[in-house]
2 protein chains.
Amino acid sequence: VKVHLNGILQEADAARIDPADRGLTLGDGLFETLQAKDGRVLRLEAHLDRLARGAEVIGLPLPDMDLEAALADTLAANGLSDGVLRLTLTRGVGPRGVLPPLAPQPTVLITAAPLPPPAPAACLIGASVTRRNELSPLAAIKSLNYLDNILARQEAARRGADDAVLLNTMERVAETSIANIFAVLDGRLITPPVSEGALPGVMRAAVLALEGIERAFTLQELMQADEVFLTSALSIRPVREVEGFVLLSDAAARRLAAALAVG
Amino acid sequence: VKVHLNGILQEADAARIDPADRGLTLGDGLFETLQAKDGRVLRLEAHLDRLARGAEVIGLPLPDMDLEAALADTLAANGLSDGVLRLTLTRGVGPRGVLPPLAPQPTVLITAAPLPPPAPAACLIGASVTRRNELSPLAAIKSLNYLDNILARQEAARRGADDAVLLNTMERVAETSIANIFAVLDGRLITPPVSEGALPGVMRAAVLALEGIERAFTLQELMQADEVFLTSALSIRPVREVEGFVLLSDAAARRLAAALAVG
């Protein structure tokens, strides 16, 4: 397995993150998960735009590097033409303390893995253990601060579900631990606005460009939906159950997956 | 500079964190900042108790290691008898994905630095850029998810202040980016309860054991206080200004620092 670290392709076993890297010590960084097909990264521009917006929010300079080439190199070095790439950007090494150094030397890490097999329709619960903070700008960027999502995902696993719906501070639906969420309600396809704490997902935007509108909704409404599906950079995944309520349709998910050529 | 990594004292320059460490990729871990004097860690039991509570919240096994000895060894290896130690515990290396591995091999990292010089009385602003999420269990543990605090601290720096007061989702005071906050209001010493999003600080508990009570308050009340001070593992620090309102007293801060033998 090879990784791309600060411009150098190297064996993963040899790649070294400094113990003083602020990505490790403070979660001070961003990431993107990208899908590659036939050696090409899908929706690359949208991912790099979101990375740039995140970098602006946390005041991090973007690396002076051809990220498209670095992503392609990492994929190829691992003998993959289809795969999932992860691009991690941290503020790099810093001295003790919360305030970032004035001239950070960001860490850029790219890893690649085979595409996971298509997942079956998901069973969801509503997370009760934590809430997504839509009052923080972090809700709108893909930062390294993922512990709330981990807690929700652990709760799902404890309850035998595949994923958990995170509610925001107003007790409305934001997203799941790893995906955006869409519902067909009263014949309309809806997804929570970013202001509700939904990560502005790249696949979410691709779906919204075809159909659907942004509208806030509750977990109770989700349980009464005609159809629910999840979107991530890797898939459009039907949902078969929300808190014990069974959903029978996956028509919209199938239609959109076909339109967007998503596996 | 020497660090203690997974049981081995080594040169910091040689210490290697794996790029797949979940502390780096997802902020999946905890830390403690501890003060040492005369080769002894102050309030060690309270720090290790908090670490254990955090580990329980995120479902992380505590390392099978004599942490007291490891902390002392790290201090001594750096030629320090007084200093600040940082103990970082992550879930270690994991495959892609949010769900933790069933049998994680946690990463234990200990670093040491000289004690910073005593800081002058602080000038505070109220953070407007983000809010602390008291609805998440993460607010009550010292996790690696520090980006909200970083955003607040950056806002303080932009406005020429030393630190920022983080408000919770109810718009009440929680803490600052690196410290708990106390106020003397109507002749009573008060600090926000943990349920308001205040980290259960070790020095905070030491102060409360001597005097003061937990009570929620707003930034407006803080601006009208007779005295305000900040507590962390390293100091009890007077505040001279809150959002332009000047505070003249530091009597309680001095009295408590003397009682607790804090520099």
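Report follows, based on the coordinates. Computed from a predicted structure; not experimentally measured.

Conventions used here
- Residues numbered from 1 in each chain as written.
- Chains lettered and ligands numbered in written order.
- Predicted model: local features only at pLDDT ≥ 70, side-chain atom pairs only at ≥ 80, totals over all residues.
- Heavy atoms only, no water.
- Helix = DSSP H or I, 4+ residues; strand = E, 2+ residues; numbered from the N terminus.
- Rg over C-alpha atoms; globule rule 2.2 N^0.38 Å.
- Buried < 20%, exposed > 50% of the residue type's maximum accessible area, 1.4 Å probe, protein only.
- Contact = heavy atoms within 4.5 Å.
- Areas by Shrake-Rupley, 256 points an atom, 1.4 Å probe, with all protein chains shown as cover.
- Lys, Arg positive; Asp, Glu negative; His and termini not counted.
- Charge placed at Lys NZ, Arg CZ, Asp CG, Glu CD.
- Arc of directions from axis to C-beta.
- Phe/Tyr/Trp six-rings, centres within 6.5 Å; stacked < 30°, edge-to-face > 60°.
- Lys NZ or Arg CZ within 6 Å of the ring centre and 35° of its normal.
- Buried area = accessible area lost by both parts, 1.4 Å probe.
- Salt bridge = Lys/Arg side-chain N within 4 Å of Asp/Glu carboxyl O.
- Polar contact = N/O pair within 3.5 Å; in protein donor to acceptor, adjacent residues only side chain to side chain.
- Nonpolar A, V, L, I, M, F, W, Y, C, P; charged D, E, K, R; others polar.
- Pairing = 2+ DSSP bridges.
- Axes fitted to C-alpha atoms, helices over the stretch in contact; angles between N-to-C directions.
- Least-squares fit on C-alpha atoms with pLDDT ≥ 70 in both.

To continue, consider the overall build of chain A. Each helix and strand in chain A was counted, giving seven helices and 15 strands. Scaling as 2.2 N^0.38, a compact globule of 263 residues should have a C-alpha radius of gyration of about 18 Å, and chain A matches this with 19 Å. Across its three principal directions, the C-alpha atoms of chain A cover 50 × 40 × 35 Å. The buried share of chain A, reckoned over its 263 residues, is 58%. The long-range fraction of contacts in chain A, counting pairs at least 24 apart against all pairs at least 6 apart in sequence, stands at 66%. When the accessible surface of chain A is summed, it comes to about 10,400 Å², and 53% of that surface belongs to carbon and sulfur atoms. Separation between the mean location of the 25 positive side-chain charges and that of the 32 negative ones in chain A comes to 2 Å.

With that settled, consider helix α7 (residues 251-259) of chain B. Residues and elements named next belong to chain B. Listed as buried for α7 are Ala252, Ala253, Leu256 and Ala257. Buried residues of α7 fall within an arc of 130° about the axis and therefore sit on the same side. In α7, the exposed residues that point more than 90 degrees away from the buried face are Arg254, Ala258 and Ala259. Residues of α7 that are buried sit in contact with β10 (180-185), β11 (188-191), α5 (202-210), β13 (227-231) and β14 (236-242). In the stretch just after α7, Ala261 is the one whose phi turns positive, near 55°.

Remark: the centre distance and the inter-plane angle together describe each pair of aromatic rings, the angle taken between the planes. Applying the stated criterion across every chain yields a total of four aromatic pairs over all chains. A ring pair is formed by B:Phe31 and B:Tyr146, whose centres lie 5.3 Å apart and whose planes are at 70°; its orientation type is edge-to-face. Of this pair, B:Phe31 sits in strand β3 (residues 29-37) while B:Tyr146 sits in the loop between β7 (122-126) and α4 (147-158), placing them 115 residues apart in sequence. Classification of B:Tyr146 as buried rests on a relative accessible area of 9%. One cation-aromatic arrangement involves A:Arg86 over A:Phe31; the distance from NZ or CZ to the ring centre is 3.9 Å.

The next subject is the interface of chain B and chain A. Every contact between the two is made by 57 residues of chain B and, on the other side, 57 residues of chain A. Of the roughly 4,300 Å² buried at the junction of chain B and chain A (both faces included), carbon and sulfur atoms supply 67%. At the surface where chain B touches chain A, the tally comes to zero salt bridges. The interface formed by chain B and chain A includes 25 residue pairs in polar contact (both at pLDDT 80 or more). Of all the secondary structure elements, the ones that give two or more residues to the side of chain B that touches chain A are α1 (22-26), β3, α2 (44-58), β5 (83-90), β6 (107-113) and α4 of chain B. With eight residues, α4(B) is the largest single contributor of residues to the side of chain B that touches chain A. Residue composition of the side of chain B that touches chain A, by class: 29 nonpolar, 15 polar and 13 charged.

Turning our attention to unusual backbone geometry. Residues and elements named next belong to chain A. Of note in this structure, Asn6 is not a glycine but carries a positive phi near 50°. When its relative accessible area of 42% is taken as the criterion, Asn6 is described as partly exposed. Its identity is not glycine, yet Ala261 carries a phi of approximately 55°, on the positive side. Within the fold, Ala261 resides in the segment after α7 (251-259). The exposed category is assigned to Ala261, whose relative accessible area is 54%.

Further remarks concern the sheet that holds strand β4 (residues 40-41) of chain A. All names here are of chain A. With respect to topology, six strands assemble into an open sheet ordered β2-β1-β6-β5-β3-β4, the strand pairing being antiparallel. Among the strands making up the open sheet, the edge pair consists of β2 (8-11) and β4. The pairing of strand β3 (residues 29-37) with strand β5 (residues 83-90) spans eight bridges and is classified as antiparallel. Bridge pairing links Leu30 to Leu89 in β5. Packed onto the sheet, helix α3 (residues 67-77) meets β1 (2-5), β2, β3, β4, β5 and β6 (107-113) and runs at close to 40° relative to β6.

Here the second copy of the chain follows from the first by a rotation about an axis and a shift along it. For the pair chain B and chain A, the best superposition has an RMSD of 0.0 Å and corresponds to a rotation of 180° with a translation of 0.0 Å parallel to the axis. Overall, the copies show the geometry of a two-fold rotation axis. For chain B, the minimum C-alpha distance to the rotation axis belongs to B:Leu24 and amounts to 2.1 Å. Taken together, the interface assignments show that 100% of the residues at the interface of chain B recur at the interface of chain A, consistent with an identical surface on both copies.

Moving on to helix α3 (residues 67-77) of chain B. Residues and elements named next belong to chain B. Among all positions of α3, only Leu67, Ala70, Leu71, Thr74 and Leu75 are buried. The arc enclosing the buried residues of α3, seen along the axis, measures out at 135°, which places them on a common side. Exposed side of α3, more than 90 degrees from the buried face: Glu68 and Ala76 are the residues found there. Where α3 starts, the residue carrying a side-chain oxygen 3.2 Å from the main-chain nitrogen of Glu68 turns out to be Asp66. Of the residues trailing α3, Gly79 is marked for its positive phi of about 65°.

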